[in-house]
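So the chains spell out like this:
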Amino acid sequence: DGADGDAPAGAIIPSARYVVPRQAKSDAPQPVAIKWLEPDQHGEHYLYQQLVLKTSFRDSTPSSFISDSNITGTMFEELSVRGILREGGLEQLLEEDAKARLRNTEQREAMRERLKNHEAVMAAVNEGDVDAVHGAAAHGAGDDTMT
């Protein structure tokens, strides 16, 4: 069968993601809709989503994704341990996601800029540099929350 839109009714579409509920009323696969998160706006939730989307699992509790080789026990390190977060860091991962979401060049650049501003704020917060935090916030990075 050609493109996914040409698939016969009830056929499994190879490019779609499916989840079957434990107590399904039907044996047919059920499509899942997801909201794409971004690291500057959703913090740890973004990292968790990356693990959910890019690894296989039986238990979706966040702690179940942390492997024994993850020394810090953080989701950020887990992405590195599993090879999801590579040398390009979050910026490369965000770029890959943006391309998969068919974002245009301007949208991808805006996403990269928001990420850079967010990282500047977080670095300043970690260093206790209040002036830098206020400066970065003035450039649009102060609305972000990290959970």
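Definitions and cut-offs
- Residues numbered from 1 in each chain as written.
- Predicted model: local features only at pLDDT ≥ 70, side-chain atom pairs only at ≥ 80, totals over all residues.
- Heavy atoms only, no water.
- Helix = DSSP H or I, 4+ residues; strand = E, 2+ residues; numbered from the N terminus.
- Buried < 20%, exposed > 50% of the residue type's maximum accessible area, 1.4 Å probe, protein only.
- Phe/Tyr/Trp six-rings, centres within 6.5 Å; stacked < 30°, edge-to-face > 60°.
- Core = buried A, V, L, I, M, F, W, Y, C linked by side-chain atoms within 4.5 Å.
- Contact = heavy atoms within 4.5 Å.
- Salt bridge = Lys/Arg side-chain N within 4 Å of Asp/Glu carboxyl O.
- Expected span 1.5 Å × (residues − 1).

Turning to its location among the elements, S63 is positioned in the loop between α2 (44–54) and α3 (75–81). Judged by relative accessible area, S63 falls into the exposed class, the value being 58%.

Scanning the entire structure with this criterion turns up 2 aromatic pairs. Ring centres 5.8 Å apart and planes at 85 degrees place the aromatic pair Y48 and F65 in the edge-to-face group. Taken together, the residues Y48 in helix α2 and F65 in the loop between α2 and α3 connect sequence positions 17 residues apart. For Y48, a relative accessible area of 23% puts it in the partly exposed group. Take F65: its relative accessible area is 1%, and that puts it in the buried class.

Once that is clear, we can look at the nonpolar core. Ranked by size, the top nonpolar core spans 15 residues in total, and within it Y46, L47, L51, L79, L90 and L93 carry the most contacts. Those elements that place two or more of their residues in this core are α2, α3, α4 (89–100) and α5 (105–127). A total of 4 residues in this core trace back to one element, the largest contributor, which is α4. For L79, the residues in contact, after removing those within four places along its chain, are L47, Q50, L51, I84, L85 and L93.

Our next topic: α2. Along α2, the residues classified as buried are Y46, L47, Q49, Q50, L51 and L53. On its buried face, α2 sits against α1 (39–42), α3 and α4.

Taken as a whole, this structure holds 9 salt bridges when the rule is applied. Residue E38 is joined to R101 by a salt bridge in which the shortest nitrogen-to-oxygen separation is 3.8 Å. Within this pair, whereas E38 is found in the loop between β2 (30–31) and α1, its partner R101 is found in the loop between α4 and α5, the two being separated by 63 residues in sequence. By the burial criterion, E38 is buried, and R101 matches it. One salt bridge in this structure joins D97 and K54, with 3.3 Å as the shortest N-O distance. Here D97, found in helix α4, pairs with K54, found in helix α2; they are 43 residues apart in sequence, far enough to count as distant. Looking at D97, the relative accessible area reads 5%, which means it is buried. What emerges from the salt-bridge pattern is a single network uniting E38, D40, R101 and R114.

Now for α4. For α4, which comprises 12 residues, the first-to-last C-alpha distance of 17 Å matches the rise-based estimate of 16 Å (1.5 Å per residue) to within 8%. Those residues of α4 not exposed but buried are G89, L90, L93, L94, E95, D97 and A98. Residues of α4 that are buried sit in contact with α1, α2, α3 and α5. One or two residues past the end of α4 sits L102, with phi positive at roughly 60 degrees.

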